[in-house]
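Listed here are the chains, written in short residue letters.
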Amino acid sequence: MRASYLLGKLAWALFTILFVICLNFFLFRVLPGDPVRSGVRDPRLTQEAQQAIRERFGLDKPVINCFESLNPVKSGPCLINPFETQFFLYVRNLLTGDLGISYHTNRPVSTMLGERLWNTILLIGAGQILAIILGMGLGILAAWKARTPIDFGALLFSLLAWSLPTFWLGIILLFAGSRYFNLPLGGMITPGVNFPGAWARVSDMLRHMLLPTLTYTIVFLGEYMLIMRSTLVDVLSEDYILTARAKGLNHFQILKDHALKNAMLPMVTIIALNLGFTVAGAVQIETVFSWPGLGGAIFEAVGRRDYPMLQGAFLLLAVSVIFANLGAELLYSVLDPRIRAE
Amino acid sequence: MSDPSVSSHTHAASVNDRPVLLDVRNLSIDYVNKDASPAQAVRELDFTLRAGEVLGLVGESGCGKSTLMLGLMRLLPPAGRIVDGAVYFQGRDLLALSEAEMEDVRWKNISIIFQGAMNALNPVRTIGDQIGEAIRLHMPRQDSAAVDARIRRLLDLVGIAGNRKDQYPHQYSGGMRQRAMIAMALACDPQIVIADEPTTALDVMIQAQILELMGNLQKELGLSIIFVTHDLGVVAELCDSVLVMYGGVTAEYADVDTIYNAPRHPYTQELLRAFPDITRPAGKLTSIPGYPPRLDDLPPGCRFAPRCPQVFGRCRQEMPPIYRLDDKHVASCFLLEGESV
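A quick note: this is a predicted structure, and the numbers were derived from the prediction, not measured. (Residues numbered from 1 in each chain as written. Chains lettered and ligands numbered in written order. Predicted model: local features only at pLDDT ≥ 70, side-chain atom pairs only at ≥ 80, totals over all residues. Heavy atoms only, no water.)

Another aspect to go through is helix H7 (residues 166-180) of chain A. Residues and elements named next belong to chain A. Across its 15 residues, H7 extends 21 Å between first and last C-alpha, which sits within 8% of the 21 Å expected from 1.5 Å per residue. Every buried residue of H7 is listed here: Thr166, Leu169, Gly170, Leu173, Leu174 and Gly177. Along the axis of H7, the buried residues cluster in a sector spanning 135°; they form a single face. Turned more than 90 degrees away from the buried face of H7, the exposed residues are Phe175, Arg179 and Tyr180. Among the structural elements, helix H8 (198-236) and helix H11 (283-288) are those in contact with the buried residues of H7. Of the residues flanking the end of H7, it is Asn182, one or two places downstream, whose phi is positive at about 55°. (Helix = DSSP H or I, 4+ residues; strand = E, 2+ residues; numbered from the N terminus. Expected span 1.5 Å × (residues − 1). Buried < 20%, exposed > 50% of the residue type's maximum accessible area, 1.4 Å probe, protein only. Arc of directions from axis to C-beta. Contact = heavy atoms within 4.5 Å.)

The following block contains the structure:
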């Protein structure tokens, strides 16, 4: 029963990924604009040179055999060899792990995504972990002191933090941090510096990380706090909490042994969803702090009609969201015996 | 069925010689409300519970029964305040204890069985784990094998197979959950078990089973039980004495024979008239017209006056005191004024 549950979930995840692959491919091709024209910003480019670029990237081939409106080559519907279409080549290359070559940099998309991905995971991972710990802690405190000034203060702070525009908070922190604490204005590491040792390098990077991480933490902390508080307040009014009190357990034991495990269920969902989107990076934060992450890469690629880069990034994003959800569902079944039984 | 009044009479007589376990004196509980005057949920309540005694606490919904029980264990919701009185358990006033001392009394000395309808068991922990938690908390010098054996023995006592201890509440039927709750209530050998409408929301067959189980356990273990119910049949079968509450105050308090055979308060009389008696020829059942009073909007005089068939002028102006009719029979009604001893 356990294995079939797991297999069913995995099959669904795979099906969703296949669907996303198809959607990703067409999504960018129905956008108006020509990758060759927007990629090479030179009006004097000859027709022959343009054609050469098209051939190099396979853009001369029909997108798919039956949709004439999507095809640059007018040869009538359904007469094209389906194995000679862009879609077929894309899927075939994908199956061999080849995400294509960026139109803009001529480098493999997988390499480019890889570089950006780790920067994003470093920044957003640190921010998420801090936000989860602080948000849950604050939420537990507020729920425990519900309807007291402590609760009120924590609520006010969280609502404020949650509703602040990310870019605005980033700019304010950037201003304050660089003006009063002499923190770097952007980037990931001070350029052109020969660091005497590994520690100096790490500490330079940590100084660069501080402000964007702080921004990210504040933005997400509010959400976690509010959800933790409201779930826990609900759980604490449940009958089994009264039973636990009647059994002579003290406040701490009730919280630890009876309330938290029940309250964690919605938290797991929201954390998993956010972790999935982590890979997309916080576009706003990465832009404000010039952090070389994935969010910024997506933003740039849209402007350049860099289809392979966009497809790769969106695929990565979709896969991470799908797997984060899968992880949440599996974790759910560990936390809640009622789900395990189904 | 044998006549319950005969058997319980002899039982009641023997109970009266036993030591007093719980002595509740003049207990008053309010629910405070920021915008209005406090709701008087319980007023000047007195009763005693002896070792091995089963006390029935009877009254309509909303008359303060559950509030009184939660008050005894100091488990009232935040708005609930004990404004007056004392609760002596084996001579110790529970209301004067610190919270830590009270935590020690809960479940070890006084445990409580909640309504079957309530979600009183934690859905994400196994039944055995939840019973074991109480054992480990109050009987700390036991190794895990001993705790395990005790859990199995307790489940066996209520008719649940020991190997079901590792299952979760949702894998139990409603009746089994209530049995498990009873097993949990007995986990630390308490002197007193409060049963707060333990059979509500169970179907009639299961109700009968649970009641039989509780009756047997009471005799076997010599428990003192406070049985909160609005089922007078349960009271007749299980209880030694009966406290009839109305609108947060005592209407009548006596042993079970007196309540059934010679009730003096009009409310008790009306309650009994509203209940079928299979030993007598079929008569007409009556209901008491009207509703119990809202606790934040009490009538100025006797709280039963608006519904009382024998009401007269004084009832609407003054609250009747509690008249002692004999050694163990009290009632609060002006009709009994001259009979007080």
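Let's pick the thread back up.
Formed by 107 residues in total, the largest nonpolar core has its most connected members in Leu22, Phe47, Leu72, Trp107 and Ile131 of chain B. The greatest single-element share of this core, amounting to seven residues, is contributed by helix H6 (residues 174-185) of chain B. Split by domain, this core shows at least three residues from each of two domains, domain 1 (4-109 + 190-258 + 274-279 + 323-339) and domain 2 (122-189) of chain B. Once residues lying within four places of it in the same chain are set aside, the contact partners of Leu22 of chain B are Phe47, Thr48, Leu49, Leu72, Val87, Tyr88, Phe89, Ile192 and Ile226 of chain B. Counting 45 residues, the second-largest nonpolar core is a separate cluster that includes Leu123, Ile218, Met264 and Val268 of chain A. (Core = buried A, V, L, I, M, F, W, Y, C linked by side-chain atoms within 4.5 Å. Domains from an automatic or database assignment.)

Glancing now at the confidence of the model for chain A. Within chain A, residue pLDDT values average 83, and 88% of them lie at 70 or more. Looking across chain A, the model is least confident in helix H2 (residues 35-39) of chain A, with a mean pLDDT of 64, and most confident in helix H9 (residues 239-246) of chain A, with 94. (pLDDT = per-residue confidence, 0-100.)

Let us look at the sheet that holds strand E5 (residues 92-93) of chain B. Residue and element names in this part refer to chain B. Across the sheet, which stays open at both edges, the four strands sit in the order E2-E1-E4-E5 with antiparallel pairing between neighbours. With partners counted over all chains shown, the strands left at the sheet margins are strand E2 (39-50) and E5, one partner each. For strand E1 (residues 20-31) and E2, the ladder comprises eight bridges, and the chain directions are antiparallel. Of the residues in E2, the one forming a bridge with Val24 is Phe47. (Pairing = 2+ DSSP bridges.)

Note on strand geometry: in a regular strand, side chains alternate between the two faces of the sheet. All names here are of chain B. Summarising the sheet, strand E11 (residues 323-326) and strand E12 (residues 329-331) pair through three bridges and their orientation is antiparallel. Its bridge partner being in E12, Tyr323 is matched across the sheet by Ala331. The turn linking E11 back onto E12 is made up of two residues.

Before going further, it helps to spend a moment on the packing of helix H4 (residues 127-138) of chain B against H6 of chain B. Residue and element names in this part refer to chain B. Look at H4 against H6: their axes get within 9 Å of each other, and the N-to-C directions meet at 20°. What the angle tells us is that H4 and H6 run roughly parallel. Considering the relative orientation of H4 and H6, their crossing is right-handed. Contacts between H4 and H6 involve Ile127, Gln130 and Ile131 from the first element and Ala180, Ala183 and Met184 from the second. The residue inventory of the contact of H4 with H6, partitioned by class, reads five nonpolar, one polar and no charged. (Axes fitted to C-alpha atoms, helices over the stretch in contact; angles between N-to-C directions. Parallel < 35°, antiparallel > 145°, perpendicular 65-115°, else oblique. Left-handed = near helix turned anticlockwise from the far one by under 90°. Nonpolar A, V, L, I, M, F, W, Y, C, P; charged D, E, K, R; others polar.)

On to the domain arrangement of chain A. Residue and element names in this part refer to chain A. Annotation of chain A at the domain level lists domain 1 (2-95) and domain 2 (109-341). At the junction of the two partners, domain 1 supplies 22 residues and domain 2 supplies 19 residues. Note on domain 1 versus domain 2: buried area summed over both sides is about 1900 Å², and carbon and sulfur give 69% of it. For Glu329, the salt bridge identified is with Lys9, shortest N-O distance 2.5 Å. Linking domain 1 to domain 2 there are one residue pair in polar contact (both at pLDDT 80 or more). Contributing elements (two or more residues each) for the side of domain 1 that touches domain 2: helix H1 (2-29), H2 and helix H4 (86-95). (Buried area = accessible area lost by both parts, 1.4 Å probe. Salt bridge = Lys/Arg side-chain N within 4 Å of Asp/Glu carboxyl O. Polar contact = N/O pair within 3.5 Å; in protein donor to acceptor, adjacent residues only side chain to side chain.)

Of the volumes computed, that of the second largest pocket is approximately 1100 Å³. Lining the second largest pocket are 34 residues, with Leu236 and Arg245 of chain A together with Leu76, Pro77 and Pro78 of chain B sitting closest to its centre. Mapped onto the lining of the second largest pocket, the elements with two or more residues apiece are helix H5 (109-144), H8, H9 and helix H10 (251-278) of chain A together with helix H2 (65-72), strand E4 (80-89) and helix H3 (99-105) of chain B. With four residues, the single largest contributor to the lining of the second largest pocket is H9 of chain A. Across the lining of the second largest pocket, the residue classes break down as 17 nonpolar, six polar and eleven charged. (1 Å grid on protein atoms, 1.4 Å probe; cavity = no way out; pocket = protein on both sides within 12 Å on 5 of 7 lines; lining within 4 Å. Points joined across faces, edges and corners; volume = space filled by probe spheres on them.)

Residue and element names in this part refer to chain A. The grouping of Leu6, Leu7, Leu10 and Phe323 at the surface amounts to a nonpolar patch, some 360 Å² of accessible area in total. Within the element layout of this structure, Leu10 appears in helix H1. Residue classification places Leu10 among the partly exposed positions, given a relative accessible area of 35%. (Patch = residues over 30% accessible without salt bridge, like charges linked within 9 Å, V, L, I, M, F, W, Y side chains within 5 Å. Areas by Shrake-Rupley, 256 points an atom, 1.4 Å probe, with all protein chains shown as cover.)

The subject of this paragraph is the environment of Asn109 of chain B. Residue and element names in this part refer to chain B. Tracing the sequence through the fold places Asn109 in the loop between H3 and strand E6 (110-113). Its relative accessible area of 10% is what places Asn109 among the buried residues. Those residues in contact with Asn109 that sit more than four places away from it in its chain are Phe89, Asp104, Pro190, Gln191 and Ile192.

What follows is about the packing of aromatic side chains. Residues and elements named next belong to chain A. By the definition in use, this model includes ten aromatic pairs over all chains. Considering the side-chain rings of Phe25 and Phe26, the 5.0 Å spacing of their centres and the 90° angle between planes classify their relative orientation as edge-to-face. Owing to a relative accessible area of 0%, Phe25 belongs among the buried residues under this scheme. One aromatic cluster is present, built from ring pairs that chain together Phe25, Phe26, Phe87 and Tyr90. (Phe/Tyr/Trp six-rings, centres within 6.5 Å; stacked < 30°, edge-to-face > 60°.)

Right, let's talk about the sheet that holds strand E7 (residues 192-196) of chain B for a bit. All names here are of chain B. Taken together, the eight strands give an open sheet; going across it, the order is E6-E7-E8-E3-E9-E10-E12-E11, and neighbouring strands pair in mixed fashion. Across the chains shown, the open sheet's two edge strands, defined by having one partner strand only, are E6 and E11. Across this sheet, the average inter-strand angle for adjacent strands is 20°, counted without regard to direction. Packing of H2 onto the sheet brings it into contact with strand E3 (54-58), E7, strand E8 (224-229) and strand E9 (241-246), and relative to E8 it is tilted by some 150°.

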